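The lines below spell out each chain.
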Amino acid sequence: MQESDGSPPVIFALASGLSRAAIAVMRLSGKGSGRIVESLCGRLPAPRRASLRGLWNRHGLTPVLLDRALVLWFPGPDSYTGEDSAELHLHAGPAVISAVADALVALGARPAEPGEFSRRAFANGRLDLMQAEGIADLIDAETEAQRRQALAQVDGAQSRLYQQWADRLRTLLAHQEALIDFPDEELPPEVEQGLLDGLTALHATMTAYLREGAGAERLRRGLVFAIVGEPNVGKSSLLNALAGRDAAIVSARAGTTRDAIETRIVLGDVPVTLVDTAGLRETEDEIEAEGVRRSLFHVKQADCVVQVFTGSILPPRLEEGGLLVCNKIDQQPAPEGAMGISVLTHAGMDVLRKGLAEKARALTSGRANAPLTRARHRAAIEETAHHIGRALSLAWPEMRGEEMRLAMRALGRLTGAVDVEALLDTVFGQFCIGK
Ligand SMILES: Nc1nc2c(c(=O)[nH]1)N(C=O)[C@@H](CNc1ccc(C(=O)N[C@@H](CCC(=O)O)C(=O)O)cc1)CN2
Ligand SMILES: Nc1nc2c(ncn2[C@@H]2O[C@H](COP(=O)(O)OP(=O)(O)OP(=O)(O)O)[C@@H](O)[C@H]2O)c(=O)[nH]1
């Protein structure tokens, strides 16, 4: 469906989501938005000013009033998408929303796909891919640290850094082209040396950046901490205590937890999924054995393993860098080398919470400015660095030039400057509807 002049169709979505609320924001974008708003509420309100209007369905014999709503009109290109856009701030009843949606469809609009508003903003040059991904992260941000990180990305921290790299690379490529085009002229030898030095420095910058990177990506997606140990040591009790609610079944019978139970909590400003796993032991019981297999899988997947035991003997560590926790110190003191707690009496629980928060912070720390937040970015920067590395290893100018062009391409895909059609579905498909 398109407008008759070939411009993209008007799309609409409930930007405020479907949860129960007092007001619902219906958002429209596309060249025909103005015509649709006029049909609903008469003349267009003044640009960017909230106006109270009756919304009328004029399709039947007599006009039907759908709602009295606040209407905002954003003429393009000064709008989020860069197109003519409008917002209808409705009373959020489901019947109001569906009546308005029906009227919009009758007027030629169609429901938006996930991320479609932002995709249009990208297509119209209002934001680059990294900023768009930042917006998706901002919508998902649960903690202050995630919010800060996402907002810096929306403000272009990464865009600026990667653009700076692209500019350096482009200058170096120009020098390389000069070496190719004028092989016989007397180009001063500094040109080639300067080129190689420049490539070496850029390569070093990128590899250092990749090395420091993992923390921000973990902060964006949140961490997984697995609670593991033998049956009956109090793993489920510990999960419930940390979560502050009865998420897992606690019983005196060993082997109670069969399948992993997950709870989300916040530790040190990082969202953490705690996984309570089946107790690790040799067993004849088929279901319990499957539980044990799954526990070991979680140990491998987790960002941190909280290994719980009881008694006076330190167990062998399941995982380097994990936390060794001795429970039930109300019955017996913890051995040296483990953190002692009693879920029953709360002894040691504050120290444990601090220790876990410290782990969460350490796993998500990294450079404060323009950090690496996504696997997509990591892959593109790795590819860029790979081609720069190859360029450095090639003496033949044409081939070095080709590697440098491939490096430029990889970097361009990062911000969306080149060659991205295939990427767009992946990037914008992860958005929620209405963004
Ligand atoms: N009601 C409402 N709240 C919202 C949004 C929205 O679309 N609607 N946003 C949606 O994401 C965010 C704000 N972001 C926005 C970004 C750009 C423009 C915009 O109209 N930009 C124009 C004009 C800027 C100006 O002069 O004020 C432009 O950049 O040209 C609006 C909202 C969060 N809150
Ligand atoms: N004395 C004492 N008992 C505890 C403490 N923490 C948990 N328990 C008890 O130990 C028993 C086992 O607790 P669970 O939390 O079910 O243990 P689990 O490790 O999840 O057990 P499985 O599901 O079998 O792997 C229960 O009866 C708890 O009430 C503690 O700090 N002190």
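Residues numbered from 1 in each chain as written. Chains lettered and ligands numbered in written order. Predicted model: local features only at pLDDT ≥ 70, side-chain atom pairs only at ≥ 80, totals over all residues. Heavy atoms only, no water.

## A short note on the UniProt feature "binding site: Mg(2+)" (unreviewed entry) in the protein
Logical step 1: As annotated in UniProt, the feature "binding site: Mg(2+)" (unreviewed entry) corresponds to S236 and T257 in the numbering used here.
Logical step 2: Structurally, S236 can be placed in helix 9 (residues 235-243). (UniProt positions renumbered as here; feature names shortened; annotations may be inferred. Helix = DSSP H or I, 4+ residues; strand = E, 2+ residues; numbered from the N terminus.)

## Remarks on the side chain of S29
Logical step 1: The residue S29 is located in strand 2 (residues 23-29) in this model.
Logical step 2: A polar contact is formed between the side chain of S29 and the side chain of T81, at a distance of 2.8 Å.
Logical step 3: Those residues in contact with S29, other than ones at most four positions away along the chain, are P9, V10, I11, T81, E83, D84, S85, F117 and R120. (Polar contact = N/O pair within 3.5 Å; in protein donor to acceptor, adjacent residues only side chain to side chain. Contact = heavy atoms within 4.5 Å.)

## So, the sheet that holds strand 11 (residues 323-327)
In sheet architecture, strand pairing relies on hydrogen bonds along the backbone and comes in two forms, parallel and antiparallel.
Logical step 1: Overall, mixed pairing links the six strands, which are arranged 8-9-7-10-11-12 in an open sheet. Bordering the open sheet on either side are strand 8 (261-267) and strand 12 (339-340), each of which pairs with just one other strand.
Logical step 2: With five bridges connecting them, strand 10 (residues 304-310) and strand 11 associate as parallel partners. Each bridged residue has a counterpart across the sheet, and for Q307 the counterpart in strand 11 is L324. (Pairing = 2+ DSSP bridges.)

## Points about the pairing of strand 5 (residues 85-91)
Logical step 1: Most of strand 5 sits out of view: five of its seven residues are buried.
Logical step 2: The sheet contact formed by strand 2 and strand 5 spans seven bridges and is antiparallel. Along strand 5, the bridge assignment pairs V25 with H89.
Logical step 3: Sheet analysis places strand 4 (residues 64-74) next to strand 5, joined by five bridges and oriented antiparallel. (Buried < 20%, exposed > 50% of the residue type's maximum accessible area, 1.4 Å probe, protein only.)

## Regarding the side chain of D67
Logical step 1: Position of D67 relative to the elements: it lies in strand 4.
Logical step 2: R68 is the oppositely charged side chain nearest to the buried, salt-bridge-free D67, at an N-O distance of 7.6 Å.
Logical step 3: Of note is the side chain of D67, whose polar atom sits 2.7 Å from the side chain of H91.
Logical step 4: Every residue in contact with D67, bar those within four places of it in the chain, is listed here: R53, G54, L55, L90, H91 and V96. (Lys, Arg positive; Asp, Glu negative; His and termini not counted. Salt bridge = Lys/Arg side-chain N within 4 Å of Asp/Glu carboxyl O.)

## Focus on the site of ligand 1
Logical step 1: Around ligand 1, the surrounding shell consists of R27, R48, D78, S79, Y80, E87, R126 and K435.
Logical step 2: Side-chain polar atom of R27 to an oxygen atom of ligand 1: 3.0 Å apart, as the coordinates give it.
Logical step 3: Here an oxygen atom of ligand 1 sits 3.0 Å away from a polar atom, N or O, in the side chain of R48.
Logical step 4: Partitioning the shell around ligand 1 into residue classes produces one nonpolar, one polar and six charged. (Near = heavy atom within 4 Å. Nonpolar A, V, L, I, M, F, W, Y, C, P; charged D, E, K, R; others polar.)

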